[in-house]
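The lines below spell out each chain.
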Amino acid sequence: MRTSLLLSLAFLIIVSCNDDDDDLPTVEVTDIEIVTGIALTDVNGQGFGAVGNPNNYGDLVLFPNPPEDVQTAILTSNENIVSLELVPAEKNGEFSEIEVSAAFDQFEGYSEDEIQALTSRSLTSSQPLASFRYQLDGLAPGYYRVIATDEAGAQHGSAIFIDSTLSFPGEIRDTLLANCP
């Protein structure tokens with residue numbers, strides 16, 4: 001009887017101490033709704049550093065980044081852009097530069113359904129553009145993944161942070177540096 005009681009108690013302790021984290025969703029570095037860093041660029045598209053570990057893929061350059069009211073997107077591969085999608089995202093600093101780089105090394109993009117379900121702004125051009133300028137007014141402050149699609153249907157991604165309540169570029173850049181993902 002005593003052995004049976006001790007075995008039951010041991011079983012109860014083991015079961016109650018079981019890790020319940022298996023039920024929590026896991027975050028992957030390639031998740032469309034996270035930003036692991038921002039590539040900083042000036043008004044001419046020249047890079048001047050990064051905040052965090054940017055989860056960029058493809059050949060997309062956004063400038064200026066951080067943006068003010070208008071931003072320009074180009075592809076360094078000299079392909080033309082046919083559409084842009086802006087997807088709200090959350091910052092996530094859990095991933096190292098090596099993890100981000102490895103995950104996006106052979107990354108080919110997101111499904112069209114996934115992008116369309118999460119997009120807060122979709123922009124298309126009647127003709128393919130080498131330089132795609134777009135307005136950011138009316139977007140809520142925060143991080144966004146910008147997904148560009150070229151004429152061949154290939155995706156290219158980068159990230160931005162916008163906040164119209166902060167002065168451009170100083171306060172926005174300072175905020176990014178202070179809250180580095």
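Structure first, text after, so check above.
Residues numbered from 1 in each chain as written. Predicted model: local features only at pLDDT ≥ 70, side-chain atom pairs only at ≥ 80, totals over all residues. Heavy atoms only, no water.

Chemist: Tell me about the nonpolar core, and please be specific about residues and values.
Modeler: With 17 residues, the main nonpolar core has Ala73, Leu84, Leu86, Tyr134, Val146 and Ile160 as its most contacted residues. Taken together, the elements giving at least two residues each to this core come down to strand 4 (60–63), strand 5 (70–75), strand 6 (81–91), strand 8 (131–135), strand 9 (142–150) and strand 10 (155–162). Once you skip the residues sitting within four places of it in the chain, Leu86 turns out to touch Thr119, Ser120, Arg121, Leu123, Tyr134, Leu136, Leu139, Tyr144, Arg145, Val146 and Ile160. (Core = buried A, V, L, I, M, F, W, Y, C linked by side-chain atoms within 4.5 Å. Buried < 20%, exposed > 50% of the residue type's maximum accessible area, 1.4 Å probe, protein only. Helix = DSSP H or I, 4+ residues; strand = E, 2+ residues; numbered from the N terminus. Contact = heavy atoms within 4.5 Å.)

Chemist: Outline the pairing of strand 9, supporting the account with residue identities and numerical values.
Modeler: Counting buried residues along strand 9, nine of its nine residues qualify, which places the element largely inside the surrounding structure. With eight bridges connecting them, strand 6 and strand 9 associate as antiparallel partners. From the neighbouring strand, Leu84 faces strand 9, where its bridge partner is Ala148. Where strand 9 folds back on strand 10, the antiparallel hairpin that results is connected by four residues, among which Gly153 adopts a positive phi of roughly 90°. (Pairing = 2+ DSSP bridges.)

Chemist: Help me get a handle on the sheet that holds strand 8, residues and values and all.
Modeler: Strand order in this open sheet of three strands is 4-5-8, and the pairing throughout is antiparallel. Two strands bound the open sheet, and with one partner strand each, they are strand 4 and strand 8. Each neighbouring strand pair of the sheet contributes to a mean axis angle of 25°, computed without reference to strand direction. Here strand 5 runs beside strand 8; their pairing, made up of five bridges, is antiparallel. Each residue of the ladder has a partner; that of Gln71, found in strand 8, is Tyr134. (Axes fitted to C-alpha atoms, helices over the stretch in contact; angles between N-to-C directions.)

Chemist: I'd like a description of the pairing of strand 3 (residues 47–52), backed by residues and values.
Modeler: As judged from the five bridges shared by strand 2 (residues 37–41) and strand 3, these two strands associate in the antiparallel manner. Within strand 3, the residue paired with Ala39 across the bridge is Ala50. Linkage of strand 2 to strand 3, two consecutive antiparallel strands, is achieved through a turn of five residues, within which Gly45 is found at a positive phi near 85°.

Chemist: Let's hear about the side chain of Asn65: which residues, and what values?
Modeler: Checked against the element boundaries, Asn65 lands in the loop between strand 4 and strand 5. Here Ala39 takes part through its backbone oxygen, which lies 3.0 Å from a polar atom of the side chain of Asn65. Sequence-distant contacts of Asn65, that is, excluding residues within four places in its chain, are made with Ile38, Ala39, Leu40, Thr41, Phe48, Gln71, Ala159, Ile160 and Phe161. (Polar contact = N/O pair within 3.5 Å; in protein donor to acceptor, adjacent residues only side chain to side chain.)

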